[in-house]
2 protein chains.
Amino acid sequence: MAKTNGIHVAVLGATGAVGQQMIRTLESRGFPVGKLTLLSSERSAGKVVTFNGQEITVEVATPDKFEGVDIALFSAGGNISKEMAPEAVKRGAIVVDNTSAFRMDENVPLVVPEVNEDALHSHNGIIANPNCSTIQMVVALEPVRKSYGLNKVIVSTYQAVSGAGAAAINELKDQSKAILEGKEINPEILPVKGDKKHYQIAFNAIPQIDKFQDNGFTFEEMKMINETKKIMSMPDLQVAATCVRLPVETGHSESVYFEVLENGVSSEQLKSLLKESAGVTLQDDPANQVYPMPAHCVGKNDVFVGRIRKDLDNDKGFHMWVVSDNLLKGAAWNSVQIAESLIKLGLVK
Amino acid sequence: MAKTNGIHVAVLGATGAVGQQMIRTLESRGFPVGKLTLLSSERSAGKVVTFNGQEITVEVATPDKFEGVDIALFSAGGNISKEMAPEAVKRGAIVVDNTSAFRMDENVPLVVPEVNEDALHSHNGIIANPNCSTIQMVVALEPVRKSYGLNKVIVSTYQAVSGAGAAAINELKDQSKAILEGKEINPEILPVKGDKKHYQIAFNAIPQIDKFQDNGFTFEEMKMINETKKIMSMPDLQVAATCVRLPVETGHSESVYFEVLENGVSSEQLKSLLKESAGVTLQDDPANQVYPMPAHCVGKNDVFVGRIRKDLDNDKGFHMWVVSDNLLKGAAWNSVQIAESLIKLGLVK
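All of these numbers come straight from a predicted model, not from anything done at the bench.

1. Some points on the sheet that holds strand S2 (residues 33–40) of chain A
All names here are of chain A. Taken in spatial order, the six strands of this open sheet run S5-S2-S1-S6-S7-S8, and their pairing is parallel. Each edge of the open sheet carries a strand with a single partner, namely strand S5 (59–60) and strand S8 (126–128). Sheet analysis places S2 next to S5, joined by two bridges and oriented parallel. Among the inter-strand pairings, Ser 40 is bridged to a residue of S5, identified as Val 60.

2. Structural notes on the pairing of strand S14 (residues 317–324) of chain A
All names here are of chain A. Of all eight residues that make up S14, eight are buried, and the element is covered over most of its length. Of the two faces of S14, the one lined by Gly 317, His 319, Trp 321 and Val 323 and the one lined by Phe 318, Met 320, Val 322 and Ser 324 are each fully buried. Where strand S11 (residues 252–259) meets S14, eight bridges bridge the pair, whose relative direction is antiparallel. By the bridge assignment, Phe 258 is partnered in S14 with Phe 318. Relative to S14, strand S13 (residues 303–310) runs antiparallel, the two sharing six bridges.

3. Section: the sheet that holds strand S6 (residues 71–74) of chain B
All names here are of chain B. Spatial ordering of the open sheet is given by S5-S2-S1-S6-S7-S8, a layout of six strands whose pairing is parallel. In the strand order of this sheet, the two ends are held by strand S5 (59–60) and strand S8 (126–128), each with one partner. When strand S1 (residues 7–12) meets strand S2 (residues 33–40), the two strands line up parallel, connected through six bridges. When the bridges of S2 are listed, Ala 10 appears paired with Thr 37.

4. Some remarks on the domain arrangement of chain A
Residue and element names in this part refer to chain A. Domain parsing of chain A yields domain 1 (7–130 + 331–344) and domain 2 (134–326). Between domain 1 and domain 2, the contact holds 18 residues from the first and 15 residues from the second. Across the domain 1 to domain 2 interface the summed buried area is about 1,400 Å²; carbon plus sulfur atoms make up 67%. Three residues stand out in domain 1 for area buried against domain 2, namely Met 104, Glu 114 and Val 115, and they jointly supply 36% of the buried area on that side. In this structure, the connection of domain 1 to domain 2 is made through one salt bridge. Linking domain 1 with domain 2 are five residue pairs in polar contact (both at pLDDT 80 or more), by the criterion used here. Of all the secondary-structure elements, those providing two or more residues to the side of domain 1 that touches domain 2 are helix H3 (113–116) and helix H9 (328–344). Residues belonging to the side of domain 1 that touches domain 2 are distributed by class as follows: nine nonpolar, four polar and five charged.

5. Observations concerning the relation of the copies chain B and chain A
Between the two copies, chain B and chain A, the superposition gives an RMSD of 0.0 Å; the rotation angle is 180 degrees and the shift along the axis is 0.0 Å. Expressed as an axis order, the relation between the two copies is that of a two-fold axis. When the interface residues of chain B are mapped onto chain A, 100% of them again fall at the interface, so both copies present the same face.

6. Focus on the environment of A:Glu87
All names here are of chain A. Secondary-structure assignment places Glu 87 in helix H2 (residues 78–90). Considered as a pair, Glu 87 and Phe 66 are 21 residues apart in the sequence and their alpha carbons are 7.6 Å apart. Here Arg 91 takes part through its side chain, which lies 2.9 Å from a polar atom of the side chain of Glu 87.

7. Section: the side chain of A:Glu220
Its place among the elements puts A:Glu220 in helix H6 (residues 219–231). Those residues in contact with A:Glu220, other than ones at most four positions away along the chain, are A:Asn131, A:Ser133, A:Gln159, A:Ile209, A:Asp210 and A:Cys243.

8. Some words on the UniProt feature "binding site: NADP(+)" (unreviewed entry) in chain A
Residue and element names in this part refer to chain A. Residues annotated by UniProt as "binding site: NADP(+)" (unreviewed entry) correspond here to Thr 15, Gly 16, Ala 17, Val 18, Arg 43, Ser 44, Ser 162, Gly 163 and Asn 326. Taken together, the annotated residues stretch across 312 residues and extend over separate regions, lying up to 25.4 Å apart by C-alpha. Mapped onto the elements of the fold, Val 18 is located in helix H1 (residues 17–28). When neighbours within four sequence positions are excluded, Val 18 is seen to be in contact with Ser 75, Asn 98, Leu 327, Ala 331 and Ala 332. You can see Arg 43 is positioned in the loop between S2 and strand S3 (48–51).

9. Remarks on the confidence of the model for chain A
Should the pLDDT be low somewhere, the predicted coordinates at that spot are not to be read in detail. With 99% of its residues at a pLDDT of at least 70, chain A reaches an overall mean of 97. Put simply, H1(A) is where chain A has its lowest mean pLDDT, 96, and S11(A) is where it has its highest, 99.

10. Thoughts on the interface of chain B and chain A
With 63 residues of chain B in contact, the opposing surface of chain A contributes 63 residues. Both sides together, the interface formed by chain B and chain A hides about 5,200 Å², and carbon and sulfur atoms give 60% of it. With its nearest N and O atoms 3.7 Å apart, the salt bridge here joins B:Arg309 to A:Glu221. Along the contact surface separating chain B from chain A lie 33 residue pairs in polar contact (both at pLDDT 80 or more).

11. Quick look at the pattern of salt bridges
Enumeration over the complete set of coordinates arrives at 38 salt bridges over all chains. With its nearest N and O atoms 2.5 Å apart, the salt bridge here joins B:Asp315 to B:Lys310. Under the relative-accessibility criterion, B:Lys310 is labelled partly exposed at 23%. Among the ionic contacts, a cluster of salt bridges with common partners joins A:Glu67, A:Glu87, A:Lys90 and A:Arg91.

Calculation criteria
Residues numbered from 1 in each chain as written. Chains lettered and ligands numbered in written order. Predicted model: local features only at pLDDT ≥ 70, side-chain atom pairs only at ≥ 80, totals over all residues. Heavy atoms only, no water. Pairing = 2+ DSSP bridges. Helix = DSSP H or I, 4+ residues; strand = E, 2+ residues; numbered from the N terminus. Buried < 20%, exposed > 50% of the residue type's maximum accessible area, 1.4 Å probe, protein only. Domains from an automatic or database assignment. Contact = heavy atoms within 4.5 Å. Buried area = accessible area lost by both parts, 1.4 Å probe. Salt bridge = Lys/Arg side-chain N within 4 Å of Asp/Glu carboxyl O. Polar contact = N/O pair within 3.5 Å; in protein donor to acceptor, adjacent residues only side chain to side chain. Nonpolar A, V, L, I, M, F, W, Y, C, P; charged D, E, K, R; others polar. Least-squares fit on C-alpha atoms with pLDDT ≥ 70 in both. UniProt positions renumbered as here; feature names shortened; annotations may be inferred. pLDDT = per-residue confidence, 0-100.

What follows is the structure in structure tokens.
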């Protein structure tokens, strides 16, 4: 049950692309907010944000701001999370962290409510929100695993630039405009702001998201691999990922191949299953050209699944196409959903 | 050897996106053209095209235009190929057909010179040029098959709009401009001109190329599956494809997972192999962010391969990223290359 006077919620990174969506989602869900504290870096502090008709001034994030906070939604970068999350927890807040800072920490539950809501019971003050591309995939795979088992996953992603922040969105727009007008471009943000080289994203596809590891996979790909195993509690699941950035503003798409454990499963059975699964909207009617697309998913909380079909060679193999708003289910909505689960499970003191 | 007076070449579909590239490629390769006949529909006839400094008027394609033609390069749509190819062959021409009309005909060789040039010897007047997305994949896979065997291929494509013709290029540009200016859009071409519904391609990704079959795969996906088996002479090769259209003008990309037959192959071995393979340019240096991208492949004949890495679970599994100019190696260049092979093999009478 929610507290009588409502929950004191803090949003850290309140002026960013995800932070803004967190505020909008708290509002649209009618989350029982008693008090909303909006926090940011010094650079963004002072901005005014409207929440439920009330004007709230964004404040500089300092440890004392977490006094009295019940739930703190973090989305201001990994280093800030590492610094501020212990401070918030010390002051009694539960932190839902949308960065990669704590995701693989064995003392921190990594939660997608449709998949492993129960893991919230074992939190120690910090709960990690998974990587955007991981979340939408496990929402689609978990019902399959439950019904038919799951052995192997190979995913190729088609990811939107908003996953790299507001500056990347602007870069896509400005670059697209310049190229259409035949002007010079000067890439500065994508594929990875902090990496050495930057490449054209407009009218291009870049097979790099986050930096490269020594094994030839990017960190983004390793996040998908490791986080999927942790969220689904399947350390031995075979997962491989290729992550690609596209000239799409919002909405990640994924071409997912997976193998179930049972023989003789039909694609019709999978469609029926996913049609009834929590958090999933099935859009799968090829005869009428119905399938998920990023342009149609923006602003919606669900994970959209379509193009489900059996592999032509492997009776246990299937292909599907999974699309979701990376700022919502991939970030803001999953974080708020975790907060809702915390209340539902009585974990907010 | 080329004829003393050069080869009489005809290009059918001379004013289209691919036809134009065929003419440019004949020119840039210094193809031994004695006479060039340019053919099109009535609508486009009368246009003047410059070839090697000479002005050539495009003529209406009628059967008699193939009198005296040695090699006819066709790229004017499947129905026109079905109608005109027998007429050209009857008059002594060898037809290199860039449509899907004859590709799966068992009497027609389907040729990618780097893979199965020898198949040209068994032609009966018609040689089929494979689908663009198939060509670039088999150029990268054939060296692997030869050295280490090949068992399974799962590909997800990232395809450019120019594969759907000049009208699709214009649609992408006009739509992008309209969206950036906040104007309404009215999709009319993509994903498939002749299908019922049309969707936004700018800043979107459409998981449909060509129409759907009853098995849930699109014709484009089935082309990749069936053509790969035929070109590589591997009827039992396991191939699966998911084909997706992107807001990219030119340059198809592919995320390819494949399994070799030998144990213990390293990704370094594959890189060394592909570095020396015909028609392949290796671009694989993650530490320096070197990998293929569509924006960098345009106007080049080669197939660019990078991001080669071993699967983390399967010793025989590998991932790679394959990019090529779909109008060149995927169409015009492969057709002209077949014509060059015909001369080299003494098959032009």
